[in-house]
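Spelled out, the chains give:
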Amino acid sequence: MSKRTFFRDLSPATLVTGFVAVLVAYASSVAIILQAVTAIGLEPQQISGWLSMLGVGMGVTTIGLSLYYRTPILTAWSTPGIALLATNLPHTSINEAIGIFIFASALTLICGITGLFAKLMNYIPHTIAAAMLAGILLRFGLEAFAMLQVNFWLCGMMLLVYLVVRRFSPLYAIISALAAGLIICIFSGDLNLAGGNIMFSMPEFVMPEFSATTLIGVGIPFFIVTMASQNAPGIAILQAAGYPPRTSNLLIWTSLIAIILAPFGGFSICIAAISAAVCMGSDVHPDPNKRYVAAVSAGFFYLLAGLLGGAIFYLFNAFPTPLIKILAGLALLGTFTNSLHQAIKDEHTRDAAIICFLVTASGANLLGVSSAFWGLVSGIIAHSILKKRAEMKK
């Protein structure tokens, strides 16, 4: 791949898609991250350094993997894992927390090297993976249109601009909706740009400590939740979009980088699910082989967020919630439509796919593991039972 080819495929649409992907990633769990790191007693300057390291880690891995494989591969932190840490890290020292991060990433590395996780993922039918993705995205669509009740003028105008521009130029529908939303927020005073404190904090090295109690009690659950609720959906989304998942290689690279960055605050780097889906829709680029450009753009925005770790608070206070949610819903609309179509197009697997879709969309959290994982499990079980039944009839 030449630089000329990459820059020829780069467009305002792919840049905005990358920005939206990062916006969705941060908007979904920054508050949970702050809760988790506050639980172990980090000072604001340290929190800024950790956010910087996370941004740099995700930026480097996203850009490197997307360029190397020419596939829209985004990395992210483990949102379900963060939620688990927020409730389990109190009364844990910073050094022990770093030990937990390294231990969980080391277990992921072992899964990548042995190829065990890749073999398990090969048993997921394409329609079930697509149904799981549709179930995940349904919540974003519902939340987006629910914002009409919160701020009808802002969300209604963004939706109208999106539809009008999509009618004539689909690639620029999202960027136009974002521009319209920002203009409305500026004139209505909903864009809070006051009181920002943009700063960069150098991440500090923290010597890890390994305690059998914390590694077993927190490290192993953190690893399981991350693999089941983050890496599994991330790999399945790549499969659903028609891209080779390269499961073992992705696990090896992300876990290695996470181990290196853990002492500096990079506690988790995984395969992204929702934010990656933003970069896989047909509106990003008509050619699926060129949608990796949007992921690379997202990687650069990750790096920018990392270099300005302290500015994350400022940026997320500036954008009103309705703007973020309607933008995320519209950005994922095409991917949701395609996923749902792929899930139900085969009548032989339709019932199993619908079960997977409904379980995933229910949001049911069982044993601390998200509904995305249980949707996959229920879909695979239903597919196996119904497939055997169909074979018996023959």
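Residues numbered from 1 in each chain as written. Predicted model: local features only at pLDDT ≥ 70, side-chain atom pairs only at ≥ 80, totals over all residues. Heavy atoms only, no water.

So what about the overall build of the protein chain? Which residues, and what values?
Counting secondary structure elements, the protein chain contains 18 helices and 2 strands. Split into buried and exposed, the 394 residues of the protein chain put 55% on the buried side. (Helix = DSSP H or I, 4+ residues; strand = E, 2+ residues; numbered from the N terminus. Buried < 20%, exposed > 50% of the residue type's maximum accessible area, 1.4 Å probe, protein only.)

Let's hear about the environment of S11: which residues, and what values?
With respect to the helices and strands, the residue S11 is situated in the loop between α1 (3–9) and α2 (12–39). Judged by relative accessible area, which is 18%, S11 ranks as buried. Put simply, S11 and V284 are 273 residues apart on the chain and 9.6 Å apart in space, counted from C-alpha to C-alpha.

I'd like a rundown of the side chain of Q239, residues and numbers included.
If you trace the backbone, Q239 turns up in helix α10 (residues 212–240). Once you skip the residues sitting within four places of it in the chain, Q239 turns out to touch M121, I124, H126 and P245. (Contact = heavy atoms within 4.5 Å.)

Tell me about a nonpolar patch on the surface, and name the residues and values.
A cluster of nonpolar residues, L160, V164 and F168, forms a patch on the protein surface that exposes about 330 Å² of accessible area. Relative to the helices and strands, F168 is located in helix α8 (residues 152–168). (Patch = residues over 30% accessible without salt bridge, like charges linked within 9 Å, V, L, I, M, F, W, Y side chains within 5 Å. Areas by Shrake-Rupley, 256 points an atom, 1.4 Å probe, with all protein chains shown as cover. Salt bridge = Lys/Arg side-chain N within 4 Å of Asp/Glu carboxyl O.)

So what about the packing of helix α16 (residues 333–344) against helix α17 (residues 350–362)? Which residues, and what values?
Relative orientation and spacing of two packed helices are given, respectively, by the angle between their axes and the distance between those axes. At a minimum axis distance of 8 Å, the contact between α16 and α17 shows a crossing angle of 140°. Comparing their axes, α17 and α16 come out oblique. Contacts between α16 and α17 pair F336, L340, A343 and I344 from the former with R350, A353, I354 and F357 from the latter. Partitioning the contact of α16 with α17 into residue classes produces 7 nonpolar, no polar and 1 charged. (Axes fitted to C-alpha atoms, helices over the stretch in contact; angles between N-to-C directions. Parallel < 35°, antiparallel > 145°, perpendicular 65-115°, else oblique. Nonpolar A, V, L, I, M, F, W, Y, C, P; charged D, E, K, R; others polar.)

How would you sum up unusual backbone geometry? Please name residues and give values.
The phi angle at R70 is positive, at roughly 50°, despite the residue not being glycine. The topology assignment puts R70 in the loop between α3 (44–69) and β1 (75–76). Residue R246 is not a glycine yet carries a positive backbone phi of 50°.

Let's hear about the nonpolar core: which residues, and what values?
Of all hydrophobic cores here, the largest spans 112 residues; its most connected members are W50 and F101. Looking at this core element by element, the count peaks at 12 residues for helix α7 (residues 126–150). Apart from the residues within four sequence positions on either side, F101 is in contact with W50, L85, F222, A262 and F267. F6, I63, Y292 and V293 belong to the second largest nonpolar core, which has 5 residues in total. (Core = buried A, V, L, I, M, F, W, Y, C linked by side-chain atoms within 4.5 Å.)

Kindly report on helix α9 (residues 173–188), identifying the contributing residues and their values.
Between the first and last C-alpha of α9 there are 22 Å, a value that for 16 residues agrees with the 22 Å anticipated at 1.5 Å per step. Buried residues of α9: A173, I174, A177, L178, A180, G181, I184 and C185, and no others. Along the axis of α9, the buried residues cluster in a sector spanning 165°; they form a single face. Every exposed residue of α9 that faces more than 90 degrees away from the buried side is listed here: I186 and F187. Phi turns positive, to about 80°, at G189, one or two residues after α9. (Expected span 1.5 Å × (residues − 1). Arc of directions from axis to C-beta.)

Explain the packing of aromatic side chains to me, using residue names and the numbers behind them.
As enumerated under the stated definition, the model contains 6 aromatic pairs in all. Pairing W50 with F101 gives two aromatic rings, centres 6.1 Å apart and planes at 80°, and the pair type is edge-to-face. Highlighted residues: W50 in helix α3 and F101 in helix α5 (residues 94–114), separated in sequence by 51 residues. Here W50 matches F101 in class, with each residue buried. In this structure F101 comes out as buried when scored by relative accessible area, which is 2%. Counting every residue linked through ring pairs, the aromatic cluster contains W50, F101, F222 and F267. The ring centre of F168 lies 5.1 Å from the NZ or CZ of R167, which sits over that ring. (Phe/Tyr/Trp six-rings, centres within 6.5 Å; stacked < 30°, edge-to-face > 60°. Lys NZ or Arg CZ within 6 Å of the ring centre and 35° of its normal.)

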